[in-house]
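Summary of structural features
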Amino acid sequence: MPFSLLCCYCVCVCARARVRALPVSLRVLLCFKPSRKPAGSPLLDPTGGSRSGLYFGDGKRKVDYVLVYHYRRRRASLRGSPGHHRLSIISNGSFPVSGGGGGAADPAEEEKLQIREEFEANLADAGLEIERDKEHKVHGVGFVRLHAPWQVLSREAEFLKIKLPTKKSYELKEVKGFSGKMNAMWRKLNQPFQPKVPQMLSQSRTKFLSHSFSRDKFYNIKQKDTFFDNATRSRIVKKHNTIQTFLNTGQTLMFTPCLPGITTLIANGVYDSAFPLHDVSFFFIILLHDEWARYGAFYKYQPIDLIRKYFGEKIGLYFAWLGVYTQLLIPASLVGIIVFFYGCATVDTNVPSLEMCDERQNFTMCPLCDGACDYWHLSTACSTARASHLFDNPATVFFAIFMSLWAAMFMEHWKRRQMSLTYSWDLSGLEDEEEHPRPKYESILLKKREKKKIKKIKKKKKNEPGQEKLTWRDRLPGYIINISSILFMFSLTFSAVFGVIIYRITTSALMAMSTDPETKSNVRVTVTATAVIINLVVILILDEIYGAVAVWLTELEIPKTETEFEERLILKAFLLKFMNAYAPIFYVAFFKGRFAGRPGDYVYIFNGFRMEECAPGGCLIELCIQLSIIMLGKQLIQNNIFEIGIPKLKKLYRTLKEKGAAPEESDDQLAKTPQQWDLDYDLEPFEGLTPEYMEMIIQFGFVSLFVASFPLAPLFALLNNVIEIRLDAKKFVTELRRPNAVRARDIGIWYNILSGMGKFSVIINAFVISFTSDFIPRLVYQYMYSETGTMYGFIDHTLSYFNVTNFKPGTAPISSQYDKEVTVCRYKDYREPPWSPLAYQFSKQYWAVLAARLAFIILFQNLVMLLSTLVDWVIPDVPKDISEQLKKEKTLLVDVFLREEKDKLQLIQSLFLKDKDGASTPAALPAQEGEAGPRARCRAASFSQFTRQPSPGQTVKHTEV
């Protein structure tokens, strides 16, 4: 249809009714420029597939954002009047609320339509350009595509203070001398591991000065369509949608007046979702997919700058942090492998292991259970003792100190890397943006206002002006539920751990009563392995439950903004998942065998089952088994299988659900090529980085907290992270909708959690070495009680004596396989012998070992804290070259601003002088105009860039905040 006829139609309609009563697309279309293409062109048929679905129907205006909604039209409207088709083409797919010939309409759907029209009209008034689909079916999915023209982009970039490169540039200082040669050699060696990024997209030696965008300043604008990248364009449009205030005229119970932007409208079902489109151009497919989201590129560095340009700074910082963490796991893995091989090399020369395996020693041990169990020889536990030495040797202490320093080095290295990214991404002066309140907060606040208004009306008081807000009294019920629920979750976790303990005790007793000798010999291995698997299954189940409960509890607190919501959610989820993952490990490390008692005075539960004890080689080998199975199981099942399988199952379920609910489509609709917005809508929505960070933080705990018991933990973490990076990359690129680009200076609260865990790991490793391993008892024996200064006699020194006549009735072995009658058995503890006046009391050796353990904890903690502080002091947070470049840029920016002000002043003076000369010599005016006309026009055009006055026919609109 010719544009003139369209305008006439709009004028006629506006004459009969208010403009706000029109369908939104009629109002929006008035913002479009007239097209020279005939009817049926891509402008009127946006599904024509022009330019890969990334542009409007005219193939020129880029789709910066997409709003999706579900619609349900009246059936009678499909068989409407002959003029109905003409209206659908004119309005580009929107139907007026009052249109249609009969048929019952759903009031809720009618109201949603009115709200969408009003909201989109406000977007159009703010300067955004809109394109809509034609609604072919009775019900289905509709897409609203938004485009931000240059006027909107420049205005909002100035308002948001987005830093952009200016025309001024300088060359980065190149390091010379020995360090320069070393850097060049390192770059050459590192070249095969670098992603293949075009020169135009990689960092060069030329740095352009960046400054907060202003329409008054000179910037390096070569082409307006590409000056703002896609991430910045979508962020600006998202900001429009978020702060856009919607005024509802219906004022029904379902939708309240003065709702905020798209977030609340999605929460109330007006829109289904809103997202930017994936860029299916060369940049996206070749670079991000082939150089990042491909398992074959596992050995390469990540293209962090491209990730930031495409997904925004917040996601870019996550992958940069994950890359730094994975990179620093390499030296930790190498040291862990060395420690493990040291244990393997010295196991045959380890004196305590040789003594335990020596059958000539003939240590007759007390029974492991009451009645059914017989006495046994310590030499039968030879394999356990040898395996324990692999992880419990002198190198373990060195490794624990190394990993504590490694955690400090990791935090310092990340701070420097973060500062470098902040500088290169122009985030150094980034200010916190004012956030809009969350939908639930606004709805509860609105209810409070209504209640207060009703009370004042009843009391006949005037409504006092003032800004209403939620107080602690409004949140008190949520806080009470939070505290009680978290305590209940803790008790549930402890109950699960206690249930597994009961399983271990009962299963051990039942297997010990078996008549099969092979079953009896494998009691400890079978019970430990099956109990750990049960623990792993319980942890995986409770992890999913706790994640959902944390979201629910955070909603009850009614946080005002999304940042507050995210921080509170992270704290709750971390607290619950930390307790869930580490509770079984803490039990084995610090509680198992500590309260079992001694022969003749054991501790019983349920009046019949003895508390379990550690293996003869100590609890450290069981701690190693527990830690390794839980860590590897979580990484394999939760971090990889769940991440791959669950999104695919969700997508399959949603596809089947929509396929069953959607009406049959015609052949023309089936043959229509799906556009990019159709393909992106079929992808899973992005739900935030909290799950990604959480799994890595829990893994960091496995690597740092109990690393003294499992030196191979960094190696398995490294192997997992190499896969995790490519898995997350593939998920972001091919399986998730494109996230909104969010600016961020750092990783937020996660840094504080990491720092706290690093300090906590020092304490945990000190206690593991002191109380769980035999390192301190061996030192005490060698330097205090050994006559030869060696470890010979250590096993006999750690075993106490028990007179079998002191067994309680019914607890002694019913039958024994030994030929000789056993009068004394041995058990692992430091107690006085039965012939001592203080029989079975703690001996002097016990108190000496305890004092040494406590002294070691104090010494270890202070030593590691001192070294960590020294590392923090020696390594500056800001690299030297970055600090020098920041100072240089500040100086250059001041020079640029002074030069600009000087040029402005000279330009104004020259204009005034020309006006004065023209007024004094009118006869010479034609000659002067002929000589300097073009130059004067050029200067006038340049001067207009520094003025903020709009032209007479143009109005400058700013976004309402």
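All figures in this text were calculated on a predicted structure; none of them were measured in a lab.

**A closer look at the overall build of the chain**
- The helix and strand tally for the chain stands at 32 helices and 14 strands.
- Considering only contacts within the chain whose residues lie at least 6 apart along the sequence, 80% involve residues at least 24 apart.
- Carbon and sulfur atoms make up 61% of the accessible area of the chain, which amounts to about 49,400 Å² in all.

**Concerning the state of the cysteines**
- Under the defined criterion, the tally for this structure stands at four disulfides.
- The disulfide bridge from Cys366 ends at Cys825, spanning 2.0 Å between sulfur atoms. Judged by the sign of its S-S torsion, about 85 degrees, the bond between Cys366 and Cys825 is right-handed. Here Cys366, found in the loop between β7 (364-365) and β8 (376-377), pairs with Cys825, found in strand β14 (residues 824-828); they are 459 residues apart in sequence, far enough to count as distant. Per residue, the accessibility class of Cys366 equals that of Cys825, and both read buried.
- Here Cys369 engages in a disulfide with Cys373; their sulfurs sit 1.6 Å apart. Every disulfide takes its handedness from the sign of the S-S torsion; for Cys369 and Cys373 that torsion is 100 degrees, giving right-handed.
- According to the relative accessible area criterion, Cys369 is buried, its value standing at 12%.
- According to the relative accessible area criterion, Cys373 is buried, its value standing at 9%.
- Sequential numbering of the bridged cysteines in the chain gives the disulfide pattern 1-5, 2-8, 3-4, 6-7.

**Section: the pattern of salt bridges**
- In total, this model carries 34 salt bridges according to the counting rule given.
- A salt bridge links Arg233 to Asp64, with the nearest nitrogen and oxygen atoms 2.7 Å apart. Here the residue Arg233 occupies a position in helix α9 (residues 230-243), and Asp64 occupies one in the loop between α2 (24-29) and β1 (65-72), the gap between them amounting to 169 residues. Side by side, Arg233 and Asp64 carry an identical accessibility label, which is buried.
- Between Arg826 and Asp796 there is a salt bridge; the shortest N-O distance is 2.9 Å. Note that Arg826 is positioned in strand β14 and Asp796 in helix α29 (residues 794-798), a separation of 30 residues in sequence.
- Beyond isolated ion pairs, a larger network of salt bridges with shared partners links Glu412, Lys415, Asp872 and Asp877.

**Details of unusual backbone geometry**
- The phi angle at Lys161 is positive, at roughly 60 degrees, despite the residue not being glycine.
- As for its position among the elements, Lys161 is in the loop between α6 (150-160) and β4 (163-171).
- Look at Lys161 and you get partly exposed, because its relative accessible area is 45%.
- Positioned with a positive phi, Tyr840 is a non-glycine residue whose angle comes to about 65 degrees.
- One can find Tyr840 in the loop between β14 and α30 (844-874).

**Some words on the sheet that holds strand β3 (residues 139-147)**
- Here four strands make up an open sheet; going across it, the order is β2-β3-β1-β6 and the pairing antiparallel. Every interior strand has two partners, whereas the edge strands, β2 (129-132) and β6 (273-275), have only one. Averaged over neighbouring strand pairs, the angle between their axes works out to 25 degrees when direction is ignored.
- In this sheet, β3 lies alongside β1 in antiparallel orientation, the contact comprising eight bridges. Residue His70 lies in a different strand from β3, and its bridge partner there is Val141.

**Some remarks on the confidence of the model for the chain**
- Taken over all residues, the pLDDT of the chain has a mean of 78, while the share at 70 or more is 79%.
- Mean pLDDT per element in the chain: α2 is the minimum at 31, and helix α13 (residues 313-346) is the maximum at 94.
- Under a pLDDT of 50 for its full length, residues 75-103 has, in the predicted model, 56 contacts with residues more than four places off or in other chains.
- Predicted confidence for residues 245-259 stays below pLDDT 50, and this span has 33 contacts to residues more than four positions away or in other chains.

**A word on helix α16 (residues 394-424)**
- Under the 1.5 Å per step criterion, the end-to-end length of α16 is 45 Å for 31 residues, consistent within 8% with the ideal 45 Å.
- With a side-chain oxygen positioned 3.0 Å from the backbone nitrogen of Ala395, the residue opening α16 is Asn393.
- Phi turns positive one or two residues past the end of α16, at Asp426, with a value near 60 degrees.

**Remarks on helix α25 (residues 690-704)**
- With 15 residues, α25 should cover 21 Å at 1.5 Å per step; its first-to-last C-alpha distance of 21 Å lies within 8% of that length.
- Of all the 15 residues making up α25, 14 are buried; the element is thus mostly covered by neighbouring parts of the structure.

**Points about the nonpolar core**
- The biggest cluster of nonpolar side chains holds 114 residues, and the ones touching the most others in it are Trp321, Tyr325, Trp406, Tyr582 and Phe706.
- Residues contacting Trp321, with those up to four places away along its chain left out, are Phe410, Trp414, Tyr693, Met696, Ile697, Ile747 and Leu754.
- Counting 31 residues, the second largest nonpolar core, distinct from the first, contains Tyr71, Ile115, Phe119 and Val152.

**Points about the packing of aromatic side chains**
- For the structure on display, the rule yields 54 aromatic pairs.
- Aromatic pair Trp406 and Phe410: ring centres 5.9 Å apart, planes at 10 degrees, arrangement stacked. Here Phe410 and Trp406 lie together in helix α16, a separation of four residues that amounts to about one turn. Accessibility classification places Trp406 together with Phe410 in one group, the buried group.
- A cation over a ring is seen here: Arg438 above Phe565, with NZ or CZ 4.1 Å from the ring centre.
- A cation sits over an aromatic face here: Arg610 above Tyr602, 3.6 Å from the ring centre.

**Details of the packing of α16 against α30**
- Contact geometry for α16 and α30: axes closest at 10 Å, N-to-C directions at 30 degrees. Put simply, α16 runs roughly parallel to α30. Here α16 runs over α30; the crossing is right-handed. Contact residues: Val397, Ala400, Ile401, Ser404, Leu405, Ala408, Met409, Glu412 and Lys415 in α16; Phe856, Phe860, Val864, Leu867, Ser868, Val871 and Asp872 in α30.

**Describing a nonpolar patch on the surface**
- Nonpolar side chains collect at one region of the surface, where Phe178, Met182, Met185, Trp186 and Leu189 lie side by side and expose about 610 Å² of accessible area between them.
- Here Leu189 shows up in helix α7 (residues 177-190).

**Re the pairing of β3**
- Burial analysis of β3 places eight of its nine residues in the buried class, which makes it a mostly covered element.
- By the bridge criterion, four bridges tie β2 to β3 in an arrangement that is antiparallel. From the neighbouring strand, Ile130 faces β3, where its bridge partner is Leu146.

Calculation notes
- Residues numbered from 1 in each chain as written.
- Predicted model: local features only at pLDDT ≥ 70, side-chain atom pairs only at ≥ 80, totals over all residues.
- Heavy atoms only, no water.
- Helix = DSSP H or I, 4+ residues; strand = E, 2+ residues; numbered from the N terminus.
- Contact = heavy atoms within 4.5 Å.
- Areas by Shrake-Rupley, 256 points an atom, 1.4 Å probe, with all protein chains shown as cover.
- Disulfide = S-S within 2.5 Å.
- Buried < 20%, exposed > 50% of the residue type's maximum accessible area, 1.4 Å probe, protein only.
- Salt bridge = Lys/Arg side-chain N within 4 Å of Asp/Glu carboxyl O.
- Pairing = 2+ DSSP bridges.
- Axes fitted to C-alpha atoms, helices over the stretch in contact; angles between N-to-C directions.
- pLDDT = per-residue confidence, 0-100.
- Expected span 1.5 Å × (residues − 1).
- Polar contact = N/O pair within 3.5 Å; in protein donor to acceptor, adjacent residues only side chain to side chain.
- Core = buried A, V, L, I, M, F, W, Y, C linked by side-chain atoms within 4.5 Å.
- Phe/Tyr/Trp six-rings, centres within 6.5 Å; stacked < 30°, edge-to-face > 60°.
- Lys NZ or Arg CZ within 6 Å of the ring centre and 35° of its normal.
- Parallel < 35°, antiparallel > 145°, perpendicular 65-115°, else oblique.
- Left-handed = near helix turned anticlockwise from the far one by under 90°.
- Patch = residues over 30% accessible without salt bridge, like charges linked within 9 Å, V, L, I, M, F, W, Y side chains within 5 Å.

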